[in-house]
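Listed below, chain by chain, are the residues.
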Amino acid sequence: MSFSLALISFFFFLSQEKQYVGFATLPNQVHRKSVKKGFDFTLMVAGESGMGKSTLVNSLFLTDLYKDRKLLNAEERINQTVEIIKHTVDIEEKGVKLKLTIVDTPGFGDAVNNNECWKPITDYIDQQFEQYFRDESGLNRKNIQDNRVHCCLYFIPPFGHGLRPVDVEFMKALHEKVNIIPLIAKADCLTPNEIKKLKDRIREEIDKFGIKVYQFPECDSDEDEEFKQLDKELKECTPFAVIGSNTVVEARGQRVRGRLYPWGIVEVENQSHCDFVKLRNMLIRSHMHDLKDVTCDVHYENYRAQCIQEMTRYDNRMESPIPILPLSTPDVDTEKLIKMKDEEV
């Protein structure tokens, strides 16, 4: 009897041991590899001059990307065309490295005639897709640099009664290429009631004109209640009414980032004053990876499928949407690489 019990205990012990194989550590392995490699994120900011774009970006990432910026006077702005300027900075927080690229668009919306002023911006986004498509189709795909634009913050002026024609045309030109997040700039110009009315009007016009702004993904059923509540607040909050400031002021005995006015202090990180904290949480803490996924799985895949369709449609190489460079004589390194690939096959 005791022998039977011992045998049963032995087999029970073996069955318990076999239950743990070890693949439960895969998330830890992925985490270590990702942290070692680092992350990259490309953010585009667009809107008229004087909307607080530079200040907001500096406030979001607690850095100064515009040290050498030169402010143009009114006469210089008349002749200014839309430019594309990139600022790249490496940020590290608790051992996690982020390569942040800010794509600025000075000159947009500043001219008297703004007809197709968004064309240089759409061309730039397409160029990044094209470059990634070329790198992806090349021989060496190990270290592909991803410069695709993952998100575009579009600044809407606080004055007026909703979207202007240039706002509608800009977002319609870009909504199939990039994740657009509309913002109401300089929200401290408006009262809470005015902000609510303007948000409702902008949401109505976005639906009316069929503009596809970034849609927050639906929460999974197993998410905790706190995350579900946060997701609900974010969806109800768009377009975000934001204020930026790099100035530290004294408020209620504490030093906070805000703006000092004769009638009081506007605190950037006070959620009853503006939506800055909600925007930062969404952009950095909760939805950064989803913005990258949508860029890769939706916008880039649409561009890639269109390119492949066009390339197979035409027999003439010169009519391909991706210009094919003339083939040159391969050098020694290229021949070695091709030989290695052949041997692997």
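Source: prediction; values computed, not measured.

## Section: empty space enclosed by the protein
Step number 1: As enumerated under the stated definition, the model contains one cavity of 30 Å³ or more in all.
Step number 2: Looking at the largest cavity, its volume works out to about 40 Å³.
Step number 3: Residue lining of the largest cavity: Gln128, Gln131, Tyr132, Asp135, Gln145, Asp146, Asn147 and Arg148, and that is the complete set.

## A few points about the packing of aromatic side chains
Step number 1: Counted under the stated rule, the structure contains six aromatic pairs.
Step number 2: Their ring planes at 50° and their centres at 5.9 Å tell us that Phe129 and Tyr300 sit as a pair that is tilted. Taken together, the positions of Phe129 in helix α5 (residues 119-137) and Tyr300 in helix α10 (residues 288-313) put the pair 171 residues apart, joining distant regions of the chain. Like Tyr300, Phe129 is buried.

## Here we look at the nonpolar core
Step number 1: Within the largest apolar cluster, 73 residues are counted, with the highest numbers of intra-cluster contacts made by Leu153, Phe170, Ile181, Phe240, Leu279 and Leu283.
Step number 2: Those residues within four positions of Ile181 in sequence are excluded, and the remaining contacts are Cys151, Cys152, Leu153, Tyr154, Tyr214, Phe240, Leu279, Met282 and Leu283.

## A closer look at the side chain of His299
Step number 1: Note that His299 resides in helix α10.
Step number 2: A polar contact is formed between the side chain of His299 and the side chain of Asn179, at a distance of 3.3 Å.
Step number 3: For His299, the contacting residues outside a window of four places in its chain are Phe129, His175, Glu176, Lys177, Val178, Asn179 and Val294.

## Here's the deal with the packing of α5 against helix α6 (residues 165-174)
Step number 1: The N-to-C vectors of α5 and α6 enclose an angle of 15°; their axes lie 10 Å apart at closest approach. The angle between α5 and α6 places the two elements in the roughly parallel class. Judged by the sense of rotation from one axis to the other, the crossing of α5 with α6 is right-handed. Residues Ile121, Thr122 and Ile125 of α5 lie in contact with α6, whose contacting residues are Phe170, Ala173 and Leu174.
Step number 2: Tallied by class, the residues present in the contact of α5 with α6 amount to five nonpolar, one polar and no charged.

## Focus on the pattern of salt bridges
Step number 1: Per the stated rule, a full pass over the model turns up 17 salt bridges.
Step number 2: Here Glu48 and Arg164 are joined by a salt bridge, their closest N and O atoms 2.3 Å apart. Residue Glu48 is located in the loop between β1 (39-46) and α3 (53-61), and its partner Arg164 is located in the loop between β4 (151-156) and α6; the two are separated by 116 residues in the primary sequence.
Step number 3: Among the salt bridges present, the one from Arg201 reaches Glu205, with a minimum N-O distance of 3.2 Å. Highlighted residues: Arg201 and Glu205, both in helix α7 (residues 192-208), separated by four residues, approximately one helical turn.
Step number 4: By relative accessible area, Glu205 is classed as buried at 9%.
Step number 5: A network of salt bridges, in which partner residues are shared, links Glu48, Arg164 and Asp167.

## Some thoughts on α7
Step number 1: Compared with an ideal rise of 1.5 Å per residue, which puts 17 residues at 24 Å, α7 spans 24 Å between its outermost C-alpha atoms and is within 8% of the ideal.
Step number 2: Contacts made by the buried residues of α7 are with β4, β5 (180-184), α8 (225-237) and β6 (240-241).
Step number 3: Positive phi shows up at Gly210, right after α7, with a value of about 65°.

## A few points about α8
Note that an α-helix has 3.6 residues per turn; residues three or four places apart therefore point the same way.
Step number 1: Its 13 residues place the ends of α8 18 Å apart at the C-alpha level, agreeing with the 18 Å of an ideal helix rising 1.5 Å per residue.
Step number 2: Where α8 is concerned, the buried positions are Asp231, Leu234 and Cys237. Down the axis of α8, the smallest arc covering the buried residues is 130°, so these residues share one side. Turned more than 90 degrees from where α8 packs its buried face, Glu225 and Glu236 sit exposed.
Step number 3: Those residues of α8 that are buried lie in contact with α7, β6 and α9 (276-286).

## A look at the environment of Ser137
Step number 1: Secondary-structure assignment places Ser137 in helix α5.
Step number 2: By relative accessible area, which is 52% here, Ser137 ends up exposed.
Step number 3: Within the structure, the side chain of Ser137 is placed 2.8 Å from the backbone oxygen of Phe133, a separation counted as a polar contact.

## Concerning the confidence of the model for the protein chain
Close inspection of predicted coordinates is inappropriate in any region flagged by low pLDDT.
Step number 1: The pLDDT averaged across the protein chain works out to 78; a share of 77% of its residues lies at or above 70.
Step number 2: Predicted confidence in the protein chain is weakest over helix α1 (residues 2-18), with a mean pLDDT of 53, and strongest over β5, with 93.
Step number 3: Long-range and interchain partners of residues 324-330, a stretch whose pLDDT sits below 50, account for four contacts in this model, where long-range means more than four residues apart.

## Considerations on the side chain of Glu267
Step number 1: Among the structural elements, Glu267 can be located in strand β9 (residues 264-267).
Step number 2: When its relative accessible area of 7% is taken as the criterion, Glu267 is described as buried.

## As for unusual backbone geometry
Step number 1: Along the chain, Thr238 connects to Pro239 via a cis peptide bond; the corresponding omega equals -10°.
Step number 2: Residues other than glycine seldom take positive phi values, yet Lys186 does so here, at roughly 50°.
Step number 3: Looking at where Lys186 falls in the secondary structure, it is placed in the loop between β5 and α7.

Reading guide: rules and limits
Residues numbered from 1 in each chain as written. Predicted model: local features only at pLDDT ≥ 70, side-chain atom pairs only at ≥ 80, totals over all residues. Heavy atoms only, no water. 1 Å grid on protein atoms, 1.4 Å probe; cavity = no way out; pocket = protein on both sides within 12 Å on 5 of 7 lines; lining within 4 Å. Points joined across faces, edges and corners; volume = space filled by probe spheres on them. Phe/Tyr/Trp six-rings, centres within 6.5 Å; stacked < 30°, edge-to-face > 60°. Helix = DSSP H or I, 4+ residues; strand = E, 2+ residues; numbered from the N terminus. Buried < 20%, exposed > 50% of the residue type's maximum accessible area, 1.4 Å probe, protein only. Core = buried A, V, L, I, M, F, W, Y, C linked by side-chain atoms within 4.5 Å. Contact = heavy atoms within 4.5 Å. Polar contact = N/O pair within 3.5 Å; in protein donor to acceptor, adjacent residues only side chain to side chain. Axes fitted to C-alpha atoms, helices over the stretch in contact; angles between N-to-C directions. Parallel < 35°, antiparallel > 145°, perpendicular 65-115°, else oblique. Left-handed = near helix turned anticlockwise from the far one by under 90°. Nonpolar A, V, L, I, M, F, W, Y, C, P; charged D, E, K, R; others polar. Salt bridge = Lys/Arg side-chain N within 4 Å of Asp/Glu carboxyl O. Expected span 1.5 Å × (residues − 1). Arc of directions from axis to C-beta. pLDDT = per-residue confidence, 0-100.

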